[in-house]
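Coordinate analysis (summary)
Read off the chains here:
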2 protein chains.
Amino acid sequence: MKARIEIRLKTGILDPQGKAIGGALAGLGHAGLGEVRQGKLIEIDLPGITDKAAAEQEVAAMCRTLLANPVTEDFRVELTD
Amino acid sequence: MKARIEIRLKTGILDPQGKAIGGALAGLGHAGLGEVRQGKLIEIDLPGITDKAAAEQEVAAMCRTLLANPVTEDFRVELTD
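Small disclaimer: the values here were computed from a predicted structure and weren't measured.

**Side note on the pairing of strand S1 (residues 2-9) of chain B**
All names here are of chain B. As paired elements, S1 and strand S2 (residues 36-45) share 6 bridges and run antiparallel to each other. Note that in S2 the partner of Lys 2 across the bridge is Asp 45. Bridging between S1 and strand S3 (residues 73-80) involves 8 bridges; their strand directions are antiparallel. Across the sheet, the residue bridging to Glu 6 is Arg 76, located in S3.

**Notes on the sheet that holds strand S1 (residues 2-9) of chain A**
The 6 strands are arranged S3(A)-S1(A)-S2(A)-S2(B)-S1(B)-S3(B) in an open sheet whose pairing can be described as antiparallel. Unpaired on one side and paired on the other, strand S3 (73-80) of chain A together with S3 of chain B mark the two borders of the sheet. For this sheet, the mean inter-axis angle between neighbouring strands, taken without regard to orientation, is 20°. Bridge count for strand S2 (residues 36-45) of chain A against S2(B) is 9 bridges, and the pairing is antiparallel. Bridged to A:Glu43 within S2(B) is B:Arg37. The strands that helix H2 (residues 52-67) of chain B touches are S1, S2 and S3 of chain B; relative to S3(B), the one it contacts most, it runs at about 150°.

**Quick word on the pattern of salt bridges**
If you walk through the whole model with that rule in mind, you get 14 salt bridges over all chains. Ionic pairing is found between B:Glu78 and B:Arg76, a salt bridge with its closest N-O pair at 3.5 Å. Linked by salt bridges that have partners in common, A:Arg4, A:Glu6, A:Arg8, A:Glu43, A:Arg76, A:Glu78, B:Arg4, B:Glu6, B:Arg8, B:Glu43, B:Arg76 and B:Glu78 make up one network.

**A word on the relation of the copies chain A and chain B**
Structural alignment of chain A on chain B gives an RMSD of 0.0 Å, achieved by rotating through 180° and translating 0.0 Å along the axis. What the rotation and shift describe, once combined, is the action of a two-fold rotation axis. In terms of C-alpha distance to the rotation axis, chain A has A:Lys40 as its closest residue, with the C-alpha 2.4 Å off the axis. Of the residues that chain A buries at the interface, 100% are likewise interface residues in chain B, meaning the two copies contact each other through the same surface.

**What about the confidence of the model for chain A?**
Residues and elements named next belong to chain A. Summing up the model confidence of chain A, the mean pLDDT is 96 and the portion of residues at 70 or higher is 100%. By mean pLDDT, the top-scoring element of chain A is S2 (98), and the lowest-scoring one is helix H2 (residues 52-67) (96). Note on the complex model: pTM 0.92, ipTM 0.91.

The rules we used
Residues numbered from 1 in each chain as written. Chains lettered and ligands numbered in written order. Predicted model: local features only at pLDDT ≥ 70, side-chain atom pairs only at ≥ 80, totals over all residues. Heavy atoms only, no water. Pairing = 2+ DSSP bridges. Helix = DSSP H or I, 4+ residues; strand = E, 2+ residues; numbered from the N terminus. Axes fitted to C-alpha atoms, helices over the stretch in contact; angles between N-to-C directions. Contact = heavy atoms within 4.5 Å. Salt bridge = Lys/Arg side-chain N within 4 Å of Asp/Glu carboxyl O. Least-squares fit on C-alpha atoms with pLDDT ≥ 70 in both. pLDDT = per-residue confidence, 0-100.

In structure tokens form, the structure reads like this:
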């Protein structure tokens, strides 16, 4: 089973990296852009887990304890075989 | 229109950040993990563009000139209204 984890800053949390990207894109001539937000994409191969519920639980635990900052970030997990 | 850009290291390119995450997860007791890869997720609001083909072209140009490293990274763009 493979897990695909998207980690984003919560709505309303300032994203300085996204702002910097937006500024750089404007400097390159991409006018009229709205908000730019940067998040993380983590893909984990779980060869030992075949049960979807078990995988969900394990990956959520990984997010809560290491991958995401629960104060400032939200995470979303997608599992594929 | 909104663009959602996923930037990943090309297959075969060493991902030290992913390896570090895998090592840290193993240290927290998550045994038997396979490969871990980390990528970037960038979301850009494009309020001035309503044409999908124009948006695709503009976002691909952003990726080639700033967001992705064409030597080591692949990008994938998804557009939504």
